[in-house]
Amino acid sequence: MHCDCETSCRECKEEEVEIVDETPLLLESAFMARIKADEYREALAALQKEFDERPDVVELKRQIEYYEEARRRRIAQAKATGITKQGSFLLKIKTRKTRTVIPKLFFAKHGAEAFVECCTVAIGKAEALLGKSALDDCCEVEVKETGVSVEYERPEAAE
């Protein structure tokens, strides 16, 4: 470190990161970096908790929730009574249409060949209907990496 700043100096933090990045012990460095990040997350969480518990912040959150609930109730009342316009104010309702193919009707209209070409089978539903082992020879398995971590292994456990 450059000075006795106790981790508050930006230059010292940047130097720490550079030293960590230059070490040939990449896995140890990655493991230690995660520990440091976790320490900072804990410190941030403590500050966030302290902030969230301040009386002025609690009151602001209470006011926001009060007015959001009032807004929801008034919109529900307007919808229930059919009010869509009052003066310059319009009730805009956004919708999204979704279509779902009804498998039996699709099969009946377009035949087995089109059905097989287009269909997908929900594994959970198929397992519930036929049993898990019934699908073993019918499934394609793809392995995807979902994350990477570095774990510490005690030297005596490695032997």
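This text follows the structure it describes.
These numbers were taken from a predicted model, which means no experiment stands behind them.

Colleague: Lay out the overall build of the protein chain in plain terms, naming residues and giving numbers.
Modeller: When you go through the protein chain residue by residue, the secondary structure sums to six helices and two strands. Beginning at the N terminus, the succession of helices and strands in the protein chain can be written as α-α-α-β-β-α-α-α. Out of the 159 residues belonging to the protein chain, those deemed buried represent 7%. Across the protein chain, contacts joining residues at least 24 apart in sequence account for 21% of those joining residues at least 6 apart. Within the structure as shown, the protein chain displays about 15300 Å² of accessible surface, and the carbon and sulfur contribution to it stands at 57%.

Colleague: Which residues make up the pattern of salt bridges, and what are the values?
Modeller: Tallied over the entire structure, the rule returns ten salt bridges. Across the pair Asp-38 and Arg-41 runs a salt bridge whose closest N-O atoms are separated by 2.7 Å. Of the two residues, Asp-38 and Arg-41 both sit in helix α2 (residues 26-52), three residues apart, roughly one turn of that helix. Residue Glu-69 pairs with Arg-73 through a salt bridge whose shortest N-O separation is 3.9 Å. On the criterion of helical spacing, the pair formed by Glu-69 and Arg-73 is a turn pair, its members being four residues apart in helix α3 (residues 55-81). Residue classification places Glu-69 among the partly exposed positions, given a relative accessible area of 31%. Each of Glu-65, Glu-69, Arg-72 and Arg-73 takes part in salt bridges that share partners, so that together they form one network.

Colleague: I'd like to hear about the environment of Lys-61, residue by residue, with values.
Modeller: Tracing the backbone shows Lys-61 in helix α3. For Lys-61, a relative accessible area of 44% translates into the label partly exposed. Engagement of the side chain of Lys-61 in a polar contact is seen with the side chain of Asp-52, the distance being 3.2 Å.

Colleague: Break down the layout of surface pockets for me, with residues and values.
Modeller: In this approach a probe as big as a water molecule rolls over the atoms, and the regions it shows empty are the leftover space. Taken as a whole, the largest pocket encloses approximately 410 Å³ of empty space. Along the walls of the largest pocket sit 15 residues, with Pro-103, Phe-115, Cys-119, Thr-120 and Val-121 positioned nearest its centre. Elements supplying a minimum of two residues to the lining of the largest pocket: α4 (103-118) and α5 (123-130).

Colleague: Which residues make up the packing of aromatic side chains, and what are the values?
Modeller: What the rule picks out here adds up to four aromatic pairs. For the pair Phe-31 and Tyr-152, a centre-to-centre distance of 6.2 Å together with 40 degrees between the ring planes defines the contact as tilted. Here Tyr-152 lies in the loop between α5 and α6 (155-158) and Phe-31 lies in helix α2, a separation of 121 residues in the sequence. Seen in terms of ring centroids, Phe-107 and Phe-115 are 5.4 Å apart; in terms of plane orientation they differ by 85 degrees. Their pairing is edge-to-face. Residue Phe-107 is classed as partly exposed on the basis of its relative accessible area, which comes to 41%.

Criteria and thresholds
- Residues numbered from 1 in each chain as written.
- Predicted model: local features only at pLDDT ≥ 70, side-chain atom pairs only at ≥ 80, totals over all residues.
- Heavy atoms only, no water.
- Helix = DSSP H or I, 4+ residues; strand = E, 2+ residues; numbered from the N terminus.
- Buried < 20%, exposed > 50% of the residue type's maximum accessible area, 1.4 Å probe, protein only.
- Contact = heavy atoms within 4.5 Å.
- Areas by Shrake-Rupley, 256 points an atom, 1.4 Å probe, with all protein chains shown as cover.
- Salt bridge = Lys/Arg side-chain N within 4 Å of Asp/Glu carboxyl O.
- Polar contact = N/O pair within 3.5 Å; in protein donor to acceptor, adjacent residues only side chain to side chain.
- 1 Å grid on protein atoms, 1.4 Å probe; cavity = no way out; pocket = protein on both sides within 12 Å on 5 of 7 lines; lining within 4 Å.
- Points joined across faces, edges and corners; volume = space filled by probe spheres on them.
- Phe/Tyr/Trp six-rings, centres within 6.5 Å; stacked < 30°, edge-to-face > 60°.

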